[in-house]
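Summary of structural features
Listed below are the residues making up each chain.
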Amino acid sequence: MNFKIRSVMVGKISPLGRNRVASGIFKRQVGQPVRVTFSGLVGDHQGDTKHHGGPEKAVHHYAFEHYALWRTENPMLAPHLTNAGAFGENISTEGLTEADVCIGDIFRLGTARVQVSQGRQPCWRLNERFQDSSMARLVQASGRTGWYYRVLEEGQVMVGDSIALIDRQAKNWPLIRILRVLYRNTLNKEYLSELAELDCLADSWRKLARRRIETCVVEDWSQRLNTPSEH
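For clarity, every value in this text was computed on a predicted model and none was experimentally measured.

Analysis parameters
Residues numbered from 1 in each chain as written. Predicted model: local features only at pLDDT ≥ 70, side-chain atom pairs only at ≥ 80, totals over all residues. Heavy atoms only, no water. Pairing = 2+ DSSP bridges. Helix = DSSP H or I, 4+ residues; strand = E, 2+ residues; numbered from the N terminus. Phe/Tyr/Trp six-rings, centres within 6.5 Å; stacked < 30°, edge-to-face > 60°. Buried < 20%, exposed > 50% of the residue type's maximum accessible area, 1.4 Å probe, protein only. Lys NZ or Arg CZ within 6 Å of the ring centre and 35° of its normal. Axes fitted to C-alpha atoms, helices over the stretch in contact; angles between N-to-C directions. Parallel < 35°, antiparallel > 145°, perpendicular 65-115°, else oblique. Left-handed = near helix turned anticlockwise from the far one by under 90°. Contact = heavy atoms within 4.5 Å. Nonpolar A, V, L, I, M, F, W, Y, C, P; charged D, E, K, R; others polar. Salt bridge = Lys/Arg side-chain N within 4 Å of Asp/Glu carboxyl O.

On to the sheet that holds strand β6 (residues 34-37), then. If you walk across this open sheet you meet the 3 strands as β7-β6-β13, and the pairing is antiparallel. Sheet topology places β7 (40-41) and β13 (155-157) at the edges, where each strand pairs with a single neighbour.

See below:
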């Protein structure tokens, strides 16, 4: 698996939505090489560092082919989907989706080495970004969430560089399967037990799996998915 990087993007903090919350979701494309560090791309920022960014969410990758699907399903979104970066992603490619990527996959990203750590958990900032109060729920239900990398070896990346798979550690766990367990087959204890033992999966998701096993309860998603005024 070897793909060309079509866009590299970073974002500054800017006001988002009616409440003008601080957010880094608005990304701009960068033409020159960008340093990939253990905490993310140099020049990229997050408004809510409690829930976004950090070593397990250092780099966000989103498949550009999803854009066409979103435009077909909801033409009202088209004005927001003219260029990569609309979902707050740092890396955009074609040919690599949640069905192709397994948790724990290690890629050479430009000269950096990165590992798939978890999928994105959509939040209400997507509602504000797309001016659609249902967008976060639609992203979650579709499985078109994108995914995060932890950085194993720092380096640099730019448009036109390659992203190449160099090691696969959990071939039975493509990201789309994990998303189905988390959001559809939510209390399958066999699958949750497997997730809880996946060392390459982000610790927060392993804890989530253990909590569901222990409580037999699925966590409330409303605070994450609904914009604050809708709570």
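What follows concerns the packing of aromatic side chains. The relative placement of two aromatic rings is captured by the distance of their centres and the angle of their planes. What the rule picks out here adds up to 9 aromatic pairs. For the ring pair Tyr62 and Phe87, a centre distance of 4.3 Å and an interplane angle of 20 degrees mean the geometry is stacked. A residue pair is termed long-range when its members are at least 10 positions apart, and Tyr62 in strand β8 (residues 59-63) and Phe87 in the loop between α1 (65-73) and β9 (91-93) qualify at 25 residues. Overall, Tyr62 belongs to the buried group, its relative accessible area being 0%. The ring of Trp173 carries the charged tip of Arg177 above its face, separated from the ring centre by 3.6 Å. Stacked on the ring of Tyr191, the Lys or Arg Arg177 has its end atom at 4.7 Å from the ring centre.

What follows deals with the pairing of strand β11 (residues 112-119). Burial runs high along β11: 7 of the 8 residues are buried. As paired strands, strand β10 (residues 106-109) and β11 are joined by 4 bridges and run antiparallel to one another. Its bridge partner being in β11, Leu109 is matched across the sheet by Ala112. Of the pairings in the sheet, the one linking β11 to strand β12 (residues 147-153) comprises 6 bridges and is antiparallel in character. Among the inter-strand pairings, Arg113 is bridged to a residue of β12, identified as Glu153.

This part covers the packing of helix α4 (residues 175-183) against helix α6 (residues 203-215). Remark: α4 packs on α6, axes separated minimally by 12 Å, with the N-to-C direction vectors making an angle of 40 degrees. Taken together, the axis directions place α4 and α6 in an arrangement best described as oblique. Crossing angle aside, the handedness with which α4 passes α6 is left-handed. Of α6, the residues touching α4 (which contributes Ile178, Leu179, Val181 and Leu182) are Trp205, Leu208 and Arg212. Here the contact of α4 with α6 is built from residues that sort into 6 nonpolar, no polar and 1 charged.

Glancing now at the pattern of salt bridges. Summed over all chains, the structure comprises 12 salt bridges. For Glu128, the salt bridge is made with Arg18, and the minimal N-O distance between the two is 3.7 Å. With Glu128 in helix α2 (residues 125-130) and Arg18 in the loop between β3 (14-16) and β4 (21-23), this pair connects stretches of sequence that are 110 residues apart. A salt bridge links Arg212 to Glu219; the shortest N-O distance between them is 2.6 Å. Judged by relative accessible area, which is 1%, Arg212 ranks as buried.

Glancing now at the environment of Pro75. On the secondary structure map, Pro75 appears in the loop between α1 and β9. C-alpha separation for the pair Pro75 and Trp205, spaced 130 residues apart in sequence, amounts to 33 Å.

Spatial ordering of the open sheet is given by β1-β14-β10-β11-β12-β8-β9-β2-β5, a layout of 9 strands whose pairing is mixed. Strand pairing shows two members of the sheet lacking a second neighbour, β1 (2-4) and β5 (28-29), which therefore form its edges. For β8 and β12, the ladder comprises 3 bridges, and the chain directions are antiparallel. Bridged to His60 within β12 is Tyr148.

Another aspect to go through is the packing of α4 against helix α5 (residues 189-196). Between α4 and α5, whose axes approach to 10 Å, the crossing angle comes to 125 degrees. By the angle between their axes, α4 is oblique relative to α5. Considering only the axes of α4 and α5, their crossing is left-handed. Where α4 approaches α5, its residues Arg177, Ile178 and Val181 are matched on the opposing element by Tyr191, Leu192, Glu194 and Leu195. The residue makeup of the contact of α4 with α5, split by class, is 5 nonpolar, no polar and 2 charged.

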